[in-house]
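Working through the structure, step by step
Chain by chain, the residues run as shown.
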Amino acid sequence: MPLHHQPAVIPAHPATIRFLHWVWVYAIGCMVFSGWEIYNASPSLPFSFPRWTGLGGWLGGALAWHFSAMWLLAADGVAYLAYGFVSGHFRRDVGIPAPRAVVRDFWAALTFRLGHRIGHYNAVQRLLYLGVIVALTLQVITGLAIWKPVQLGALVAIFGGYPIARNIHLATMFLIVTFVIVHVVLVAIFPRTLVSMIVGVPAESKSRA
Amino acid sequence: MTKKPGMTGPRRLPVVKIRDIQPELRRLDRRGFLRSSLSLGGLALLTGCDLSTNSGVDAALRSILRFDDKIQAALFSGRRLAQTYPPSAVTRPFRFNAYYAEWQVRGIPDGWRLEVAGSVSDKRPWTIPALRTLPQAEQITRHICIEGWTQIGRWSGVPLRAFLERIGADLRAPFVSFKCFDGYSTGIDMASALHPQTILAIDFDGQPLAPEWGAPVRLRIPTKLGFKSAKNLQAIEVTHIFPGGFWEDQGYDWFSGV
């Protein structure tokens, strides 16, 4: 990990990231819970989501939520990608970490020896955040494919046709939800990270490279 | 009506209208913090409306659906064709679907004629033999239900464009509305009506339509979700008035293009 100059007052998470993060929470929440209600209308696998988790009350309401929140999700995603590239956030904090660093940090996490320094991402975090960005991007693309399987016929063909694209959309949802669960559990273990995503907490100094 | 052996059983999901589940919706709305934060927080972000009531949420969602319809109309191309399949790909048995159960399917009324109304120069009603004198087209296409399931079927009949031209329809009118003798109704935009794969289907899988598949004539439009392919047609109207529809009036998005 290259060292770079750290001014003393740099916030752990810039205000832009904090704002976009909470928009994510809301938009992904709307998409997931309305998506479960839509899935329940005709389950493609032998299970349904609990009825009380659905957003929208019935299929029509759930679709209205899904096709409304998708704009918020897309806008947040575009804003995040633009900010991430322009500000250097991706270069610094996200990206493919060295495999050795992932193994090291993953082992340290499993043995409860991985410290958490607010404002710095360890190798496992880098991999997880990159993974969820890729999953969300795939979710938008498969979503477009099953929203417009005729007008975007080439897109749905890439995924092997409508029924398969629909199941990829479902599977990718599970990846995103798994990320969210892991993410929230880690926040529960390190509650001060929650504070740092709400208010501008100074980044902690880097104790090791 | 005779039930064909091997056809699907009763519809898996009950038909639900908003008014049937209104008490439950209210109960769900009281469910707790998560739901109210989703509703109120979200719409504040999306629209900045006053969201103190459920009807405000609904109005906001409906206005976004109308915006979505404009996007969908812009994405639609009158030349882009839905994928077609070989006869071996046809789904058998074909799944019955309607807003009622299969045992409630209506037979063809005595003296049935396909009525034509609105901005057309020739309003004489049509019989099936008369429709068979018009140009015919066959398609094997995927029927995509709004619920997410799909099936591939083979339909043939009169391209709607040929029919509209034959009756002297005003092709600049924005809507074509469909009324059915089973109480169903829907409507489509003129651009989609003129699409080459939009047909008035008379035959299904090589046979004249059976009542459960929409006898004696149905709309088949593979560029829209399945509920737009209205069965058991009674009347077609070319109109300047937004036609709504059975499901659309309850909240399904109107354009519903695929």
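What counts and how
- Residues numbered from 1 in each chain as written.
- Chains lettered and ligands numbered in written order.
- Predicted model: local features only at pLDDT ≥ 70, side-chain atom pairs only at ≥ 80, totals over all residues.
- Helix = DSSP H or I, 4+ residues; strand = E, 2+ residues; numbered from the N terminus.
- Buried ≥ 20, exposed ≤ 12 C-beta atoms within 10 Å, placed from the backbone.
- Contact = placed C-beta atoms within 7 Å.
- Pairing = 2+ DSSP bridges.
- Nonpolar A, V, L, I, M, F, W, Y, C, P; charged D, E, K, R; others polar.
- Domains from an automatic or database assignment.
- Axes fitted to C-alpha atoms, helices over the stretch in contact; angles between N-to-C directions.
- Parallel < 35°, antiparallel > 145°, perpendicular 65-115°, else oblique.
- Left-handed = near helix turned anticlockwise from the far one by under 90°.
- Expected span 1.5 Å × (residues − 1).
- pLDDT = per-residue confidence, 0-100.

Helices and strands together make up the secondary structure of chain B, namely six helices and nine strands. Counting over 258 residues, chain B shows a buried share of 37%. Once local pairs closer than 6 in sequence are excluded, the contacts in chain B between residues at least 24 apart make up 70%.

Quick look at the overall build of chain A now. The secondary structure content of chain A amounts to eight helices and zero strands. Shown N-terminal to C-terminal, the secondary structure of chain A runs as helices and strands in the order α-α-α-α-α-α-α-α. Seen along its three principal axes, the alpha-carbon backbone of chain A occupies a region of about 50 × 35 × 35 Å. Classification of the 209 residues of chain A by burial places 30% in the buried group. Looking at chain A alone, contacts between residues at least 24 apart form 63% of all its contacts between residues at least 6 apart.

The next point concerns the pairing of strand β3 (residues 150-159) of chain B. All names here are of chain B. Across the ten residues that make up β3, a large majority, seven, are buried. Pairing geometry for strand β2 (residues 137-144) and β3, over eight bridges, is antiparallel. Paired with Ala137 across the bridge in β3 is Gly157. Count of turn residues in the β2/β3 antiparallel hairpin: five residues, of which Gly148 carries a positive phi of about 115°. With five bridges joining them, β3 and strand β6 (residues 199-204) adopt antiparallel strand pairing. Paired with Trp155 across the strands is Phe204, a residue of β6.

Taken together, the contact pairs 37 residues of chain B with 30 residues of chain A. Broken down by secondary-structure element, the contributors of at least two residues to the side of chain B that touches chain A are α1 (22-29), α2 (33-46), α3 (54-75) and β2 of chain B. The residue inventory of the side of chain B that touches chain A, partitioned by class, reads 21 nonpolar, ten polar and six charged.

Next up on the list: the environment of Gln151 of chain A. Inspection of the secondary structure assignment puts Gln151 of chain A in the loop between α5 (123-147) and α6 (153-158). What makes Gln151 of chain A buried here is the crowd of 20 C-beta atoms within 10 Å.

Here the focus is the environment of Ser256 of chain B. Residue and element names in this part refer to chain B. As for its placement among the helices and strands, Ser256 is situated in the segment after β9 (233-239). Taking the C-alpha atoms as reference, Ser256 lies 8.5 Å from Ile146; in sequence the two are 110 residues apart. Among residues more than four places away in sequence, those in contact with Ser256 are Ile146, Lys224, Leu225 and Lys228.

As a further point, take the domain arrangement of chain A. Residues and elements named next belong to chain A. Along its sequence, chain A is carved into domain 1 (11-87) and domain 2 (94-200). The straight-line distance from the C-alpha centre of domain 1 to that of domain 2 is 14 Å. Counting only elements with at least two residues in the side of domain 1 that touches domain 2, the list comes to α1 (15-41) and α2 (59-87). Among the elements that take part in the side of domain 1 that touches domain 2, α1 stands out by supplying seven residues, more than any other. Looking at the side of domain 1 that touches domain 2 residue by residue, the classes come out as eight nonpolar, six polar and one charged.

For Val182 of chain A, the position within the fold is in helix α7 (residues 162-189). Along the chain, Val182 of chain A and Leu128 of chain A lie 54 residues apart, while their C-alpha atoms are 9.5 Å from each other.

Looking now at the packing of α5 of chain A against α7 of chain A. All names here are of chain A. Packing of α5 against α7 brings their axes to within 9 Å, and their N-to-C directions diverge by 150°. As the angle between them shows, α5 and α7 are arranged roughly antiparallel. α5 and α7 meet at a crossing whose hand is left-handed. On the side of α5, the interface is formed by Leu128, Gly131, Val132, Ala135, Leu136, Leu138, Gln139, Thr142, Gly143, Ala145 and Ile146, while α7 contributes Tyr162, Ala165, Arg166, Ile168, His169, Thr172, Met173, Leu175, Ile176, Phe179 and Val182.

Here the focus is α2 of chain A. Taking 1.5 Å of rise per residue, 29 residues should cover 42 Å, and α2 of chain A covers 41 Å from first to last C-alpha, within 8% of that figure. Within two residues after α2 of chain A, Gly88 of chain A carries a phi angle of roughly 90°, on the positive side.

For the rest of this paragraph, the subject is the sheet that holds strand β1 (residues 115-118) of chain B. Residue and element names in this part refer to chain B. Spatially, the four strands line up as an open sheet ordered β1-β9-β4-β5, and their pairing is mixed. Looking at which strands have only one partner, the edges of the open sheet turn out to be β1 and β5 (185-189). The average angle at which neighbouring strand axes cross in this sheet is 20°, direction not considered. Inspection of the sheet shows strand β4 (residues 175-180) paired to β9 by six bridges, in the antiparallel sense. Among the inter-strand pairings, Val176 is bridged to a residue of β9, identified as Val238.

Another point: unusual backbone geometry. All names here are of chain B. A cis amide bond links Arg92 with the next residue in sequence, Pro93, at an omega value of -5°. Going from Ala215 to Pro216, the amide bond is cis rather than trans, its omega being 0°. Within the secondary structure, Pro216 sits in the loop between β7 (207-208) and β8 (218-220). Positive phi, close to 55°, is recorded for Asp205, a residue that is not glycine. Along the chain, Asp205 turns up in the loop between β6 and β7.

It is worth spelling out the confidence of the model for chain A at this point. Residues of chain A with pLDDT of at least 70 account for 91%, and the chain-wide mean is 87. Predicted confidence in chain A is weakest over helix α4 (residues 99-110) of chain A, with a mean pLDDT of 79, and strongest over α6 of chain A, with 96.

All names here are of chain B. Looking at chain B, the pLDDT average stands at 85 and 79% of residues meet or exceed 70. The low-confidence segment residues 1-11 (pLDDT under 50) makes 13 contacts with residues lying over four places distant or belonging to another chain. Below a pLDDT of 50 lies the segment residues 27-53, which in the model reaches 31 contacts outside its immediate sequence neighbourhood of four places, other chains included. Our summary of model confidence lists the complex with pTM equal to 0.83 and ipTM equal to 0.85.

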